[in-house]
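Here's the letter readout for the chains.
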Amino acid sequence: MSNTTTSGGPFVICKAAAGSGKTFTLVLEYLKLALAGPREGLGYRFRGILAITFTNKAANEMKQRIMQELDRMATEGVDPDSHTMGARLLKELNNSSFP
């Protein structure tokens, strides 16, 4: 089974086998959207993000990873030269323009 990440319009769909990094990818995409800044007239972006999983266990894992990464970035900062999610997030936010 091949890994697939599709971003068409406002949706990102990840299809891949267990242990292939779907949760990492979804958490990264969520944080990119949430931290991109406020949208004019809509408030902060995190209020308009819907993440859907198939199980409560997966939803809780995503929530836990999002909170852990936010806590880690807040307490440790982000070294742009490291190989952490925060560094990748910083690079991707700096290289893209969000509407």
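Fair warning: this is a prediction, and the values are worked out from it, not measured in the lab. Position numbers for residues start from 1 in each chain and track the written sequence from start to end. Residue-level local features of this predicted model are given only where pLDDT is at least 70; pairs of side-chain atoms are given and counted only at 80 or more, and the full residue set underlies all totals for whole chains, interfaces and linings. Note that water and hydrogens are dropped before the side-chain values are worked out from all heavy atoms of the structure.

Engineer: Whenever I open this one, the overall build of the protein chain confuses me. Can you help?
Structural biologist: When helices and strands are tallied, the protein chain shows 3 helices and 4 strands. Between buried and exposed lies partly exposed: a residue is buried under 20% and exposed over 50% of the maximum accessible area for its type, with that area taken using a 1.4 Å probe on protein chains only. Here the protein chain, with 99 residues, has 19% of them falling under the buried criterion. When contacts within the protein chain are restricted to residue pairs at least 6 apart in sequence, those whose partners lie at least 24 apart make up 40%. All accessible-area figures derive from a Shrake-Rupley calculation using a 1.4 Å probe, and residue coverage is judged against the displayed protein chains alone. Only carbon and sulfur atoms are counted for the fraction: they give 55% of the accessible area of the protein chain, which is about 7,400 Å². The secondary structure listing takes helices from DSSP runs of H or I that are at least 4 residues long and strands from runs of E that are at least 2 residues long, numbered from the N terminus. Residues are treated as being in contact if the distance between any of their heavy atoms lies within 4.5 Å.

Engineer: Looking at this model, I keep getting lost on the packing of helix H1 (residues 22-34) against helix H3 (residues 85-94). Mind explaining?
Structural biologist: Describing two packed helices takes the angle between their axes plus the distance from one axis to the other. Put simply, H1 and H3 touch, their axes get as near as 10 Å, and they point 50° apart. One finds that H1 runs oblique with respect to H3. Taken as a pair, H1 and H3 cross one another with a handedness that is right-handed. Of the residues in H3, those in contact with Phe 24, Val 27, Leu 28, Leu 31 and Lys 32 of H1 are Met 85, Arg 88, Leu 89, Glu 92 and Leu 93. Ten residues, namely Ala, Val, Leu, Ile, Met, Phe, Trp, Tyr, Cys and Pro, are considered nonpolar, four, namely Asp, Glu, Lys and Arg, are considered charged, and the remaining ones, Gly among them, are considered polar. For the contact of H1 with H3, the per-class residue count stands at 7 nonpolar, no polar and 3 charged. To obtain each axis, a line is fitted to C-alpha atoms, and for helices this fit is confined to the stretch in contact; angles are then taken between N-to-C directions over 0 to 180 degrees. Roughly parallel refers to an angle under 35 degrees, roughly antiparallel to one over 145, roughly perpendicular to one between 65 and 115, and oblique to any angle outside these ranges. Handedness of a crossing is defined here by the sense of rotation of the near helix relative to the far one, left-handed for an anticlockwise turn of less than a right angle and right-handed for a clockwise turn.

Engineer: What's the story with the pattern of salt bridges in this structure? I'm lost.
Structural biologist: Pairing between side chains of opposite charge can happen when the charged atoms of each approach one another. Any carboxyl oxygen of Asp or Glu within 4 Å of a side-chain nitrogen of Lys or Arg constitutes a salt bridge here. Inspection of every chain in the model, using the stated rule, returns 4 salt bridges. For Lys 32, the salt bridge goes to Glu 29, with nearest N and O atoms at 3.1 Å. Note that Lys 32 and Glu 29 are positioned in helix H1 at a spacing of 3 residues, about one turn of the helix. The class for Glu 29 is partly exposed, based on a relative accessible area of 22%. Between Arg 65 and Glu 61 there is a salt bridge; the shortest N-O distance is 2.6 Å. Here Arg 65 pairs with Glu 61, and both are found in helix H2 (residues 56-76), just 4 residues apart, close to one helical turn. Overall, Glu 61 belongs to the partly exposed group, its relative accessible area being 29%. Among the charged side chains, a network of salt bridges with common partners joins Glu 69, Arg 72 and Glu 76.

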